Amino acid sequence: MRLSFDEIQSEIKRVFMKYGLTEEKADICARIHTESTYDGIYSHGTNRVARFVDYIQKGWVDVNADPVIEKDCGAVKVINGNMGPGILNALYSADRAMEMADQYGIGMVGLKNTTHWMRGGSYAWQAAQAGFIGISWTNTESCMPMWGSKVPGVGNNPFCIAIPRKSGPIVLDMAMSQYAYGKLGVYRLAGKQLPFPGGFDKDGNLTSDPGAIEASGRILPTGYWKGSGMAIALDLAAAAMANGKTGADLDREGQGSCTGCCQIFIAYDPYLFGEEEEIQAKFDDRVAAADATTPEKEGGHVTCPGERTAATRARNLAEGVVVDEQVWQQCLDLAAGKMDTKDIASTCILDNMKEEEKK
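Treat the numbers as computed from the prediction; the structure is a model and nothing was measured.

Participant: Mind laying out the overall build of the protein, listing which residues take part and the relevant values?
Facilitator: Of the regular secondary structure elements, the protein holds 14 helices and 13 strands. For 359 residues, the compact-globule estimate of 2.2 N^0.38 gives 21 Å, and the protein sits close to it at 20 Å. If one aligns the C-alpha atoms of the protein with their principal axes, the spans along those axes are about 55 × 55 × 45 Å. Within the protein, the fraction of its 359 residues that count as buried is 51%. Sequence-distant contacts in the protein: of pairs separated by 6 or more residues, those separated by 24 or more amount to 65%. Between the averaged position of the 36 positive side-chain charges in the protein and that of its 47 negative side-chain charges there is a distance of 4 Å.

Right under this line is the structure:
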């Protein structure tokens, strides 16, 4: 079935209100989930609804909590999320970083005691659309092996950077592994192999079999040793800046996905040392040169980060997005109080491979 943006947002909002969020908070969270869905990031859109409700019911998210500024050092702030909804904490923190960038040219926020922010790219797009260069990342519990290990030892800590190019923002949103676990599930359910090796099987063999990687828990760090090195550095930098928990602390607490994590939000004015016309011309020239490089396959097309996302968003807004009927029924049942989240939190995965192949 194809659904409009308003249909998806309205139903997800009903779900969140059913499980304790105020109408205002539910509306904001539902919007972010819907935007992720329309951008083709199903794993953090409709698919995350049941999991978020599961976290609420387990007490891992306090729907009544609000973020509080704990320390204010001018262009730098530390915010305590008080274990409230991660989307709301992240939006609040990103807004404070942009306010400081308006005043000082640059602003930085360290957020601690927060919960899963869903799609990290949401806050990068937010910065770019407001005209700022944005940089953000989060630490998480260990779910990826350090290079040379066969057991998880570091978080798959997402990193985002956004460039406010007026003719189309350039937005990088990446995990520290070759493929995130959500993507492995999508390929496995579709009965497909990964396009490139994404991890190791239980015998230590590099493989493109998503099920074998899920079974071993040995996802492949991006760039091998570079990805795991970057992940540990991001973890430490976030914990120090926010004076919050490291991934090791999250491991010991064992509450679940990102519960109690730290996040960093940086915004800065791209026109501090150059005129807007000059800087935008640099952006356009560089992106055009990259996009014009020869594709590896005849008929292929090279794009910079964020360009395909923007195209997907435009197409889905015009045509409606294809939503898996089973996943959508689960959302409807959650809104009606008919579904036990324990039974669906691990199965609410949208098989969107056919749509992905059309891109």
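Participant: Can you lay out helix 10 (residues 276-291) for me, pointing to particular residues and giving the numbers?
Facilitator: End to end, helix 10 covers 22 Å across 16 residues, agreeing with the expected 22 Å (1.5 Å per residue, within 8%). Among all positions in helix 10, only Ile279, Gln280, Phe283, Val287 and Asp291 are buried. Projection of helix 10 onto a plane perpendicular to its axis shows the buried side chains occupying an angular sector of 95 degrees, all on one side. Every exposed residue of helix 10 that faces more than 90 degrees away from the buried side is listed here: Glu277, Asp285 and Arg286. Close packing links the buried residues of helix 10 with strand 8 (159-163), strand 9 (170-174) and helix 11 (307-319).

Participant: Go over unusual backbone geometry, please, and point to the residues and values.
Facilitator: The phi dihedral of Tyr224 falls on the positive side, at around 60 degrees, and the residue is not glycine. By the secondary structure assignment, Tyr224 is in the loop between helix 7 (210-216) and helix 8 (225-242). The backbone phi angle of Asn243 is positive, close to 50 degrees, even though this residue is not glycine. Relative to the elements of secondary structure, Asn243 occurs in the loop between helix 8 and helix 9 (247-253). On the accessibility criterion, Asn243 (58% relative accessible area) is exposed.

Participant: Describe the state of the cysteines, listing the residues and the values that go with them.
Facilitator: One pass over the structure, following the stated rule, counts zero disulfides. Cys262 supplies the cysteine sulfur nearest to Cys73, a cysteine that is in no disulfide, at a spacing of 16 Å. Looking at Cys73, the relative accessible area reads 58%, which means it is exposed. A disulfide-free cysteine, Cys262 has its sulfur positioned 6.9 Å from the sulfur of Cys261, the nearest such atom.

Participant: Can you explain the pairing of strand 12 (residues 261-268)? Please cite residues and give values.
Facilitator: Counting buried residues in strand 12 gives seven out of eight residues, a clear majority hidden from the surface. The sheet contact formed by strand 4 (residues 106-114) and strand 12 spans seven bridges and is antiparallel. Counted as the bridge partner of Val109 is Phe265 from strand 12. Note: strand 5 (residues 133-138) against strand 12, six bridges, orientation antiparallel. Following the sheet pairing, Thr138 is matched in strand 12 by Gln263.

Participant: Outline the nonpolar core, listing residues and values.
Facilitator: Within the largest apolar cluster, 47 residues are counted, with the highest numbers of intra-cluster contacts made by Ile8, Val15, Phe16, Leu21, Tyr123 and Phe265. When residues of this core are assigned to their parent elements, the largest contribution, nine residues, is made by helix 4 (residues 86-104). Sequence-distant contacts of Tyr123, that is, excluding residues within four places in its chain, are made with Ile32, Gly86, Ile87, Ala90, Leu91, Trp117 and Phe265. In terms of nonpolar packing, the next biggest core, distinct from the first, is built from 19 residues, Met144, Phe159, Leu234 and Ile264 among them.

Parameters and conventions
Residues numbered from 1 in each chain as written. Predicted model: local features only at pLDDT ≥ 70, side-chain atom pairs only at ≥ 80, totals over all residues. Heavy atoms only, no water. Helix = DSSP H or I, 4+ residues; strand = E, 2+ residues; numbered from the N terminus. Rg over C-alpha atoms; globule rule 2.2 N^0.38 Å. Buried < 20%, exposed > 50% of the residue type's maximum accessible area, 1.4 Å probe, protein only. Contact = heavy atoms within 4.5 Å. Lys, Arg positive; Asp, Glu negative; His and termini not counted. Charge placed at Lys NZ, Arg CZ, Asp CG, Glu CD. Expected span 1.5 Å × (residues − 1). Arc of directions from axis to C-beta. Disulfide = S-S within 2.5 Å. Pairing = 2+ DSSP bridges. Core = buried A, V, L, I, M, F, W, Y, C linked by side-chain atoms within 4.5 Å.

Treat this as a map of the structure, not an account of what it does.
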